[in-house]
Structure formats: structure tokens, C-alpha cells
Amino acid sequence: MSEAEIKSLEAQFEAKIANDEKIEPKDWMPEKYRKTHIRQISQHAHSEIVGMLPEGNWITRAPSLRRKAALLAKVQDEAGHGLYLYSACETLGISREELYNQLHTGAAKYSSIFNYPTLTWADMGAIGWLVDGAAIINQVPLCSTSYGPYARAMVRVCKEESFHQRQGYEIMLSLCNGTEEQKQMAQDALNRWWWPSLMMLGPEDKDSVHTEQSMKWKLKRKTNDELRQQFIDQTVPQADILGLTIPDPELKWNEEKGGYDFGPIDWDEFWQVVKGHGPMNKKRLDDRRNAWEKGKWVRDAAMAYAQKQNERKNKQAI
Amino acid sequence: MKPIRELNPQFLESKENKQHLIDYLLGVADNYLILAQRLGELCGHGPNLEPDIAITNISLDLLGQVRSFYQYISQIKGDGSTEDDIAFLRKEREYRSVLLVQQPNTDFAYVIARQFFFDVFNKMFLNALQQSADETLRALAFKGIKEASYHERFSGDWLKRLGDGTEESHDKAQKAVNDLWVFTDELFQVNESDSAMIDAGVAPDMLQLREYYYEKVENLLTEATLEVPEVPYFQKGGKNGLHSEYMGYILAEMQYMQRTYPNSKW
């Protein structure tokens, strides 16, 4: 392709994005756009799959049959999200197997929040309420992102996530209306999940390397700091209803900006966990790798069986 | 199949009948509970996303059935006890689940073989239960049969894939089938409460379907290129409250919250 042809394709591509038209898998796209989307969509898919583990940890111990069924359904939803996000990612010319490989070797990242342990039942409430709450804020803008398959997958993901968030909040509500011990359990969960949830919305704008390009491609519509402020402003009144205290002594309503001021975030901790030093990084990856490696003979069997069936069919046809 | 005859409205006024019906229902529903619990352990650890989702689905279906049965039991008991009291607050000896469903998730072949042995039974059972003289049970059977048919197709298809897949999968499937075979016959065990409910037309007489069960299972094993095990004896006990050594651990985990924080609402 000549340079002039590439220039013209680029111009068409930019014009499409500017007009809010979708880019589809067979459309021409710049290599950097393709790579950025593989990185982001796969990171998102991995987060869904790794995210099944901390909640899966409580399925067998859920305190009632209703809660057990709801938790199972929720974790199953996460698997479903993983499935269609991997599929969306595959439309960019990479296989699921390669994507798994990137996760298992540590080449690809997933949301750092899942590297914290789930220590009590209240963590199921706090994760739904805070972690899914932060995820929704991150993800709603993606429903109108420029890459078609991703945008369409996100419409469904967001619907289910908002259901998960309500479910999480409802767990917290039951605990806070319960015994003193239950209420303490809820407060303890909030104390542990609050700061990691704020970190989930990404590094501060001044330290975010991908923001500018992502805004241009509509992979991002608001900056990390804007999203974080939105999350805090919507969550504080919800904590008030629960009668719980946000573990930030500097949290204060700022009339002038129409939002809350909040204390400094421990970014050292954030980067330590990103680098792999969080309490559960090793366990989460080991669990994923184990499931994959132990499942190899099963996948091989399914392939071999399908092949045999095909051969039998072909023989019959002759 | 027997025609439906309606249960005499006075039937449950007898204390003895009531207790038999409760015991009978526990014998059905406890299997669902323990199997759902076992399958719940696997969530997030499947060999691939698709079977992971499917197994969670089966677990959810079984949990749905458990809840309906336990809610019916608490209605019959009429003493204010809830589905959760029944699920979480009994002692080990009071559970009526068969040994088969307690067996651990040793590997995917065990999960599938255990499931298949149970599913074939469960589908036949729910099919027959649709003729029950008890209206609620007919409705539960009608609701459950669609799910149970899907479960049987899932586990049967996978057993064929494993049996007729690779040499390794064949060996693993054969081992699982061999190890679990001794637990199959307990599914057909009839105790005093079962007999009473069969006589009343509430329960189907599953013993009459025993031969058909083994024929169905053996046909699929053959199709899966697996050998039908021959055992000189079958293991029993769970249905009468004498469980495997696994059961205490299953309950310890399942009951943990209810035992640690009694009288709390969740």
C-alpha cells in the first residue's frame, strides 16, 4: 500500500470516529488502534475471569440458600462476561489461547482489586457495592466506544453489573439492619475495600500514560480523576444510608466544587499490587494456571472426539 | 404409568403420614443440596469457560429445586422452620443424601461420571413424579424435568467425549466410572417412608425402573467405549444417615455461617 493510500485510509478512519460511527472487525484500522484494543479488552476479560475467584471463595459458605443461588448466578455472569469479551477480542485477530497465555505468563494485566482476599461474607456485599459500582462508572462510557464488538458487549455487561451492584448493596443493607456483629462485619469490609476501590479507577491523570490516546478513540470519555470523583460523590450518601463510616478522616463535602474532598490515596500500595506483590496475586494466577493446565486433557478429549465424529460422518457420506 | 389419583385431604392429618412425607422429601431434596454444594466448589475452576458456566448452571438448577422442596417441607411441618433451617441446621445423621452425591471432585471425569449417574436417575424420577397424587410434587416435577433433561444431555455428552476422546481421557473416565459405580444402587434404596409414600401414590416406585436405569447407563457407557464395571456389592448408607467421611466436611463448610452467627438474618 502506498503512503498516500494509507493516509487516505487513516483519514477515513478518523472521520468515522469523529462522527461516532462504529469501527467493525473487517474495517481497516491503524495497528496501534488494534493493539490498544486487544490490550484493553483482554485486560477486561481477564479481570472478569480472575474476578470469579474471590467471590467463588464464598459460594460453599454462603449463609442462606437464597444468597448462595444469587452468588452462584453472579459469578456465572462474570464467566459470561469473560466469554463475550474474549470473543470481542478475538475479532481483532488474536486467539483465546494466546490471550490466556498472556494472562498466565503475567504479560497481560487484570484489575488489581482482585488481588485482595475475601475474608468475610460481608466482602460479598462490599465487592458488589463498591467494586462493581466502580466498574460500572468505568464501563458505562464504553457502551458508546468506537469499536463495535466491544461497545455491544459492554451494553450487556453494564446491565448485569448494575444488577450485581444492587445485589451487593442489598447484602450490606441486610448486615447493617442485623446484629451488632453483622454491622461490624459490614464496616470491616468497607474499611478494607474502600481504598482499593478508589484505586480501581486508575492512576491520577498526571500519571496516566494511556488517557490521551484513549480519549481520542472514545475508549475513554472521562479522565480517571473525574471518574473517581463521580464514584465518591455517589457512594458517600449510600454509606450514610447504611450507617457506615467511610474510612477517610479527610472526607468532607466541598460546597464550592459540589463534590467531596478526600484524603490522599496510597499509590505506593497500588503500584506494589500492580507489580505482583499484593496479598493474593500469586494465588489468583496459580488458580487460573492450574485450572487451565489441569483442564488440558479435557480439552484434548473434546477435540479428539469431535474429530472422530467428523471422520465417521465423512465415511458414512462416502 | 399409574394414573393420577388425588391425595385424600385427610392424609396429612395423620402424624405418621406427615413424618413419612417429610422424610421422603428430604430423601429427594438432600441429594440436590449436596450435589449443588459439590458443583459449587468448581465455580471458576473449570477446564474451559463453557463447561464452567454449564456446571454452575446445573448447580443453580439443583439449588432451585432444593429451595422448592424445603419450602414445601416447612409448609408441611407448619412449625415456622424455614428452608434455611432445614438446609443448614440439621445434624449430619439427619441428612438423607446418598453417598454418590457426596463423592469429591477428584477430577473432571469424576464430576461428569457422578453427574451422569445421578442425572439419568433424576430424569426418570421426575418423569415418574409427574404422576404423583400430591399436587405440589407434580408441579415441582414438571418444573424440574426440563432442567434434568438438559443435565443428562450435558453429562452424557461429556462422558462420551471423555470415553471416546484420547487414551488419557478414556482411562480417566473408566477409573471414575469404576470408582463411582458402587454408589449407584443406593439411588434405588427404599426405606420405610418411601414405602409409605409409594403406597399412598405420592412417590413413584423407583425399584421398578431400576432395570431400565442400568440399561440406559450401560448403553451410554458402551457408546462411550467404556466398560461396564462389575462389582460384587454396592455401597449404601447415606440415605439412612450413615454418610461418607466427606459429609462432615461438606456440612462444616456449608453450615459455617449459620453455626457461627446463630439467629441472624442474611
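Relevant structure appears above.
Residues numbered from 1 in each chain as written. Chains lettered and ligands numbered in written order. Predicted model: local features only at pLDDT ≥ 70, side-chain atom pairs only at ≥ 80, totals over all residues. Heavy atoms only, no water.

K.L.:
What's the story with the overall build of chain B in this structure? I'm lost.
P.N.:
Scanning chain B for helices and strands turns up 10 helices and 0 strands. When its helices and strands are written in sequence order, chain B yields α-α-α-α-α-α-α-α-α-α. In terms of overall dimensions, chain B has a C-alpha envelope of 60 × 45 × 35 Å along the principal axes. Taken over 266 residues, chain B has a buried fraction of 60%. The long-range share in chain B, meaning contacts at least 24 apart out of those at least 6 apart in sequence, stands at 81%. For chain B, the exposed area adds up to about 11,300 Å²; of that, 49% sits on carbon and sulfur atoms. When the 27 basic and 41 acidic side-chain charges of chain B are each reduced to a single mean position, those positions are 5 Å apart. (Helix = DSSP H or I, 4+ residues; strand = E, 2+ residues; numbered from the N terminus. Buried < 20%, exposed > 50% of the residue type's maximum accessible area, 1.4 Å probe, protein only. Contact = heavy atoms within 4.5 Å. Areas by Shrake-Rupley, 256 points an atom, 1.4 Å probe, with all protein chains shown as cover. Lys, Arg positive; Asp, Glu negative; His and termini not counted. Charge placed at Lys NZ, Arg CZ, Asp CG, Glu CD.)

K.L.:
Any chance you could explain the nonpolar core here in plain terms?
P.N.:
Soluble, globular proteins show a tendency: their nonpolar side chains are buried together. Ranked by size, the top nonpolar core spans 180 residues in total, and within it Trp121(A), Tyr70(B), Leu162(B) and Tyr213(B) carry the most contacts. Tallying contributions element by element places helix H5 (residues 108–129) of chain B first for this core, with 15 residues. Residues within four places of Tyr213(B) in sequence aside, it is in contact with Phe117(B), Val120(B), Phe121(B), Met124(B), Thr184(B), Leu187(B) and Phe188(B). (Core = buried A, V, L, I, M, F, W, Y, C linked by side-chain atoms within 4.5 Å.)

K.L.:
Help me out: how do you make sense of the interface of chain A and chain B in this one?
P.N.:
Accessible area lost during the coming together of the parts is what is often quoted as the interface size. The partner chain B presents 48 residues to the 48 residues of chain A that form the contact. Between chain A and chain B, a total of about 4,000 Å² is buried, with carbon and sulfur atoms accounting for 67% of that surface. A per-residue breakdown of the area chain A buries against chain B is headed by Thr60(A), Leu65(A) and Trp297(A), which together make up 20% of the total. There are 3 salt bridges connecting chain A and chain B. Two residues, Asp164(B) and Lys308(A), come together in a salt bridge whose shortest N-O distance is 3.1 Å. Where chain A packs against chain B, one counts 16 residue pairs in polar contact (both at pLDDT 80 or more). A breakdown of the residues in the side of chain A that touches chain B according to their chemical character gives 27 nonpolar, 9 polar and 12 charged. (Buried area = accessible area lost by both parts, 1.4 Å probe. Salt bridge = Lys/Arg side-chain N within 4 Å of Asp/Glu carboxyl O. Polar contact = N/O pair within 3.5 Å; in protein donor to acceptor, adjacent residues only side chain to side chain. Nonpolar A, V, L, I, M, F, W, Y, C, P; charged D, E, K, R; others polar.)

K.L.:
Help me understand the environment of Ala173(B), please; the structure alone is not making it clear to me.
P.N.:
Residues and elements named next belong to chain B. With respect to the helices, strands and loops of the structure, Ala173 is situated in helix H7 (residues 167–181). For Ala173, a relative accessible area of 0% gives the class buried. Considering only alpha carbons, one finds Ala173 and Leu221, 48 residues apart in sequence, at a separation of 9.9 Å. Dropping the residues within four chain positions of it, Ala173 is found in contact with Ala109, Leu162, Gly163 and Leu226.

K.L.:
How should helix H12 (residues 296–317) of chain A be read in this particular structure?
P.N.:
Helical geometry note: an α-helix holds 3.6 residues per turn, so side chains three or four residues apart project in the same direction. Between its terminal C-alpha atoms H12(A) stretches 32 Å, which fits the 32 Å expected from 22 residues at 1.5 Å a residue. Lining the buried residues of H12(A) we find helix H11 (281–294) of chain A together with H5, helix H6 (135–163) and H7 of chain B. (Expected span 1.5 Å × (residues − 1).)

K.L.:
Before we go on, may I ask you to explain the pattern of salt bridges in this structure?
P.N.:
Pairing between side chains of opposite charge can happen when their charged atoms approach one another. Scanning all chains against the criterion turns up 37 salt bridges over all chains. Here Asp225(A) ties to Arg228(A) by a salt bridge, and the two come within 2.9 Å at their closest N and O atoms. Placement of the pair is Asp225(A) and Arg228(A) together in helix H9 (residues 224–242), with a separation of 3 residues, close to one helical turn. On the basis of relative accessible area, Arg228(A) is assigned to the buried category, the value being 2%. Of the charged contacts, one joins Arg312(A) and Asp164(B) as a salt bridge, the two residues approaching to 2.9 Å between their closest N and O atoms. Here Arg312(A) is found in helix H12, whereas its partner Asp164(B) is found in the loop between H6 and H7 on a different chain. Overall, Arg312(A) belongs to the partly exposed group, its relative accessible area being 39%.

K.L.:
How do you make sense of the packing of aromatic side chains when you look at a structure like this?
P.N.:
Describing an aromatic ring pair means giving the distance of the ring centres and the angle of the ring planes. Residues and elements named next belong to chain B. Enumeration according to the criterion identifies 28 aromatic pairs over all chains in this entry. Between the aromatic rings of Phe188 and Tyr214, the centroid separation amounts to 6.3 Å while the plane-to-plane angle is 35°, which identifies the pairing as tilted. Taken together, the positions of Phe188 in the loop between H7 and helix H8 (192–199) and Tyr214 in helix H9 (residues 210–223) put the pair 26 residues apart, joining distant regions of the chain. For Phe188, a relative accessible area of 3% translates into the label buried. Overall, Tyr214 belongs to the buried group, its relative accessible area being 8%. (Phe/Tyr/Trp six-rings, centres within 6.5 Å; stacked < 30°, edge-to-face > 60°.)

K.L.:
Got a minute to help me understand the packing of helix H2 (residues 49–77) of chain B against H5(B) in this structure?
P.N.:
In helix packing, the relevant descriptors are the interaxial angle and the interaxial distance, both defined with respect to the helix axes. Residue and element names in this part refer to chain B. Interaxial distance between H2 and H5 falls to 13 Å at its minimum, and their mutual angle equals 40°. Between H2 and H5, the interaxial angle falls into the category oblique. Once H2 is placed against H5, the crossing between them reads as left-handed. Every residue of H5 that contacts H2 at Pro51, Ile55, Ile58, Gln65 and Phe69 is listed here: Phe108, Val111, Gln115, Leu126 and Leu129. (Axes fitted to C-alpha atoms, helices over the stretch in contact; angles between N-to-C directions. Parallel < 35°, antiparallel > 145°, perpendicular 65-115°, else oblique. Left-handed = near helix turned anticlockwise from the far one by under 90°.)

Keep in mind that these numbers describe shape and distance, not what the molecule does.
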